[in-house]
Amino acid sequence: MSDIEYVRPTDTSSAVTLVAEDPDAAFLAGGTTELDLALKDRVIRPSRFVDIGRLPLRGVTREGDRLRVAALTTMEELAADPTVRSRLPFVREALLLGASTQLRNMATIGGNLLQRTRCRYFRDPAVHACNKREPGSGCAAIEGVARMHAILGAGPSCIALHASDLCVPLVAMDAEVELLDADGTRRVPLTEFYRTPGDRPDVENVLRHGELVTHVVVPLLPAGTRSGYIKVRDRQSYEFATTSAAAAVQVEDGTITAARIGLGGVGTVPWRAWEAERVLVGAPANERTYRAAAEAAIRDPFTVPGTAFKVELAKRTIVRILRTVTA
Amino acid sequence: MTATLNKENIIGQPIDRVDARRKVSGAAPYPSDFDLPGQVYAALISSTVAAGRITRIDRSAAEAAPGVLAVLTYDNAPTLADPPTNALGSTMRRPLKDDRILHYGQHIGIVVATTRAQALAAAELVEVDYAVEEPVLDMDDPRARVEDNPFGMETSRGDVVAALADADVTVDSTYTIGAETNSPLGLFTTVASWQGGRLVVHDTTQAPSFMRKALAVMFGVPEESVRLLIPFLGGGFGAGLRLWSHTVLTALAARVLDRPVKLVLSRPQMFTSVGHRAASRQRIRLGARSDGRLVAIDHDALAANGIGDNLPSPIVAGTPSAYACDNLATHERRVHLNIPYTGFMRAPGAIEEHFALESALDELAGRLGVDPVDVRLRNYADVHPESGKPWSSKALRECIEVGAEQFGWSSRDPAPRSTHDGDWLVGQGMAAATFEFYALDCDVRLTIDRGGNAILRSAATDIGTGTYTITAQLVAELLGIEVERVRVEIGDTDQPQAPQSGGSGLAGALAAAVQDAAGALTERLARLDGRPGESFASLLDRHGLDELSANGHSDLAAAAEDSDVAPAGAFGAAYVEVGVDEDLGLVRVRRLVSVIDGGRVFNRKTARSQAIGGAVMGIGAALLEEAAYDPNDGRVANGTFGDYLVPVNADVPDIDVTFVGEPDTFNPTGSKGLGEIGIVCIPPAIGNAVFHATGRRVRDLPITLDKML
Ligand SMILES: Cc1cc2nc3c(=O)[nH]c(=O)nc-3n(C[C@H](O)[C@H](O)[C@H](O)COP(=O)(O)OP(=O)(O)OC[C@H]3O[C@@H](n4cnc5c(N)ncnc54)[C@H](O)[C@@H]3O)c2cc1C
Ligand code: SF4
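Residues numbered from 1 in each chain as written. Chains lettered and ligands numbered in written order. Predicted model: local features only at pLDDT ≥ 70, side-chain atom pairs only at ≥ 80, totals over all residues. Heavy atoms only, no water.

Where an unreviewed UniProt entry is consulted, chain B appears under the name Carbon-monoxide dehydrogenase large subunit, with the organism given as Asanoa siamensis.

For chain A, the name recorded in an unreviewed UniProt entry is Carbon-monoxide dehydrogenase medium subunit, with Asanoa siamensis as its organism.

Right under this line is the structure:
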């Protein structure tokens, strides 16, 4: 039986060292993703859990027109923050439409960004063909039961979805993550943090082994911006998004002057719909524009029979959120 | 002397469950709560392919792992006898019989170790090689074995072909339903021990008396040498109605090691180990005159079953008695696939049958331009359509009429797509149904002691429906004592044998036996020559008796054979309002009215809970639940509660439940069983409402959003 060493340091530099020195060590935050994978599904085999729950990385601070969120802030805490409520309402909506209250009280913001895919083939050790777990082994999902899978950024090597709701408005906001390792700190825009699978589905982001996410920095919405988050799913609560969209737009005299769009439920990474934004800015705020933006957003999808419906659904989701926030 | 329920002082009252405090305080022992001295832990080794043969099993690494006490596989385990057919007619293949693999997740071995973690870890070390065959997973696969009329229940009357040809209006539709799993909250558990040659098993089962028999046969011991204990079950919804291999393997491991062994299934194992509602496809043809009278019903059903499995799961059995119609034919086929064992799942067969029949009737109503309610009433079967006998009770008409009234059906605009509410199209649909109860013979023993307290004993289980409570109410009513003075001791096969808690039959069978026992006991007490108003306590005391007992017996199934009425099951009608966001494919249930004729209701609170629970499960069946099998290797690709969606509170509107009807005239206590009727109408009523909202008929359950786009 493989025992897992458990350590709970209280300062960040020891936490970083404890993971960096052991290639099989992993950070443990709220544990809502990590413990399932290690103990229930048994698809990851860490030698050591470095519980970061006692690190002084909790809370939200306002820095001018930005919000600095420490990585161990829970989803519920962030949703309850007054600045998030007033200046990033769609972040709050995305948080509260995610998981369940119980999970949100445990789950941290850093952990949410780094949550692993829900692809059931990834999470079943009896499945051999999973390029994300075992590069070069194939992809059982593509030929199998795929529904909660990605159509954007996906390819024949992997169609695993990044299922976070929170990340959808965060990529739209150009949030940045602050990272710390032995070499010091660096800041990476969230839109450049994630990697689409390409031929290395096992590499999901630019994080180096032992590098700790310490903060997420989120610009606030300019006053007068309207924002919203829509989550489409069969079950009305406690289900991941089939499709979702976050939108923040400014409209002056019927013309869209600024737009930020993020998409969920469709991307192998939290998806920034740049092309849709380009269509929107300068265009009249009407149905035709929204549809054109939606068409621009869902270009060249990679679908399998179980995910083909998402192409049209994602477009309609975009139209709906734009209609809602401009109403 | 007989005791009869001519008063309803206690019976029917919506009293709280007598076991409520124990349950909410955690004091009620569910199977996984049992731990025995010296107990060790088991983990299962499960097949990772769906078809083929085991070519090699290497146990050595597992055997050498820390804490491991035994690793049993087909090639080293002691041989057991084949299990018997159970009272419901199902048989299973003996576990570890040979090297054949018939479905994904098949238990191919069991590992026992000192701790649970050691057992789980060691199970992963067992190396298995397979000669893999391409599994048969599709009902239309030409390699699949298909049986015609497997249950001998096909019927016909009149001339359907001619009637369909002559009909003014016809419907010809095919309905499909995906596989569903029972998904009780409690993980199935077995704690087995051999105590001086006697096998004692705490097991998640709804059929303890059958389990006792089956285990006795398999282990070659007399029935008295097996004891099943199941005071609280943790939910079953039918999953506990069959003998499952994990129970046998745990008992086997306990025998090999001569130590108590405990096994708790994981949630993914629940999807492959304890049955499921099989996927099915039905074709219905209806013919009617322009006035709405049915002239022909032709119903054909095809359902899946495992290979080497035999589950009596008729779908069309109820169709002939559903409506008055002179020309009718039913056809049934069963196709064997490399899927996990199927099982009985709440209202087995009836859900499937009514989804097809009640949806087709709605389609017919639309074509005729007749209100769906009127179509049901115009074809109302006043007498049993097959036997011509009067029903023992039938208040389906009242269910339909009262439901229409509560719901406000008369203000419904019959035109599809006629009602909007913002982004939502609003639709209303209804369905009517019956669920025949299935009650086998039942024994009880009733005792009154010197303290004036009564004890009722039986092997029956309470699956959470309220058996403890209604039994206490019955005894109290029949003996004229307070409920607090009644102790109910059930879930133990050392007590008189009882039928399964399933098929909506237990309440009726148990109540009839309790009534029989109460009659006998009252008679014995009368012989003691009591003084007017004298308490039992003083009566026994005066005669120097510590206690007085009487046995009770019922056999409703036997009584049904020569009854001059047609024993009726419960009836129900449901009215549902849905909102459909057509753009996004969302279907949301906004309102639900359920009206049920269950004969005499023993407790209006627990009865209502059954109706609500059934409706919630019906919402799941209609909109959410489908166990998805991988088309290549047959694994259940969504076997967790994160992936297999059951309804949550947000999906469930307020549910308006009304009971109508009179005590049934066949069943001695007037009840008809309420555990299943509440679910049956819901899927067709929702499908019909979706059609009314959108003009789109989805004939494939569940109605997920992709099917609405
Ligand atoms: C049943 C269920 C439903 C869910 N539904 C939703 C939903 O609807 N929407 C949604 O958005 N999410 C949902 N989630 C996912 C949930 O939000 C994530 O599991 C959670 O946010 C992860 O946070 P955690 O603190 O528990 O992370 P952990 O599980 O502790 O860690 C997750 C991963 O991140 C790494 N990690 C954590 N913190 C750091 C850090 N600071 N620096 C570096 N690495 C780190 C860990 O090593 C691990 O790999 C659901 C989860 C479950 C179990
Ligand atoms: S989609 Fe990705 S994660 Fe899922 S099985 Fe394929 S490779 Fe693995």
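**Observations concerning the overall build of chain B**
From N to C terminus, chain B includes 18 helices and 26 strands. Relative to its length of 709 residues, chain B is compact, with a C-alpha radius of gyration of 26 Å against a globular reference of 27 Å. On the principal axes, the C-alpha backbone points of chain B span a range of 80 × 75 × 50 Å. The buried share among the 709 residues of chain B stands at 63%. Considering only intrachain contacts with a sequence separation of at least 6, the fraction spanning at least 24 residues in chain B is 82%. Only carbon and sulfur atoms are counted for the fraction: they give 48% of the accessible area of chain B, which is about 24400 Å². Of note, chain B has its 64 positive side-chain charges centred 3 Å away from the centre of its 92 negative side-chain charges. (Helix = DSSP H or I, 4+ residues; strand = E, 2+ residues; numbered from the N terminus. Rg over C-alpha atoms; globule rule 2.2 N^0.38 Å. Buried < 20%, exposed > 50% of the residue type's maximum accessible area, 1.4 Å probe, protein only. Contact = heavy atoms within 4.5 Å. Areas by Shrake-Rupley, 256 points an atom, 1.4 Å probe, with all protein chains shown as cover. Lys, Arg positive; Asp, Glu negative; His and termini not counted. Charge placed at Lys NZ, Arg CZ, Asp CG, Glu CD.)

**What about the domain arrangement of chain A?**
Along its sequence, chain A is carved into domain 1 (1-54) and domain 2 (226-326). Placing a centre on the C-alpha atoms of domain 1 of chain A and another on those of domain 2 of chain A gives a separation of 36 Å. (Domains from an automatic or database assignment.)

**Let's talk about the interface of chain A and chain B**
Each partner contributes residues to the interface: chain A has 29 residues there, and chain B has 35 residues. Linking Arg42(A) and Glu124(B) is a salt bridge whose minimum nitrogen-to-oxygen distance equals 2.2 Å. Between chain A and chain B we count 15 residue pairs in polar contact (both at pLDDT 80 or more) in total. Among the elements of the structure, strand S9 (226-232) and helix H13 (309-326) of chain A are those that each provide at least two residues to the side of chain A that touches chain B. Top contributing element to the side of chain A that touches chain B by residue count: H13(A), with 6 residues. Grouping the constituent residues of the side of chain A that touches chain B by class yields 10 nonpolar, 5 polar and 14 charged. (Salt bridge = Lys/Arg side-chain N within 4 Å of Asp/Glu carboxyl O. Polar contact = N/O pair within 3.5 Å; in protein donor to acceptor, adjacent residues only side chain to side chain. Nonpolar A, V, L, I, M, F, W, Y, C, P; charged D, E, K, R; others polar.)

**Focus: the site of ligand 1**
Residues and elements named next belong to chain A. Taken together, the neighbourhood of ligand 1 is formed by 31 residues, with Phe-27, Thr-32, Thr-33, Thr-108 and Asp-165 sitting nearest. One of the backbone nitrogen or oxygen atoms of Phe-27 is found 2.5 Å away from an oxygen atom of ligand 1. In this structure, Gln-115 approaches ligand 1 through a side-chain N or O atom, which is 3.4 Å from a nitrogen atom. If ligand 1 stood free it would expose 970 Å²; the protein chains cover 94% of that surface. Elements represented by at least two residues in the shell around ligand 1 include exactly strand S2 (25-28), helix H7 (109-113) and strand S8 (212-219). Counting residues per element, the shell around ligand 1 draws most heavily on H7, at 3 residues. Residues of the shell around ligand 1, tallied by class, amount to 14 nonpolar, 11 polar and 6 charged. Among the domains, domain 1 (1-54) and domain 2 (226-326) are the pair contributing at least three residues each to the shell around ligand 1. (Near = heavy atom within 4 Å.)

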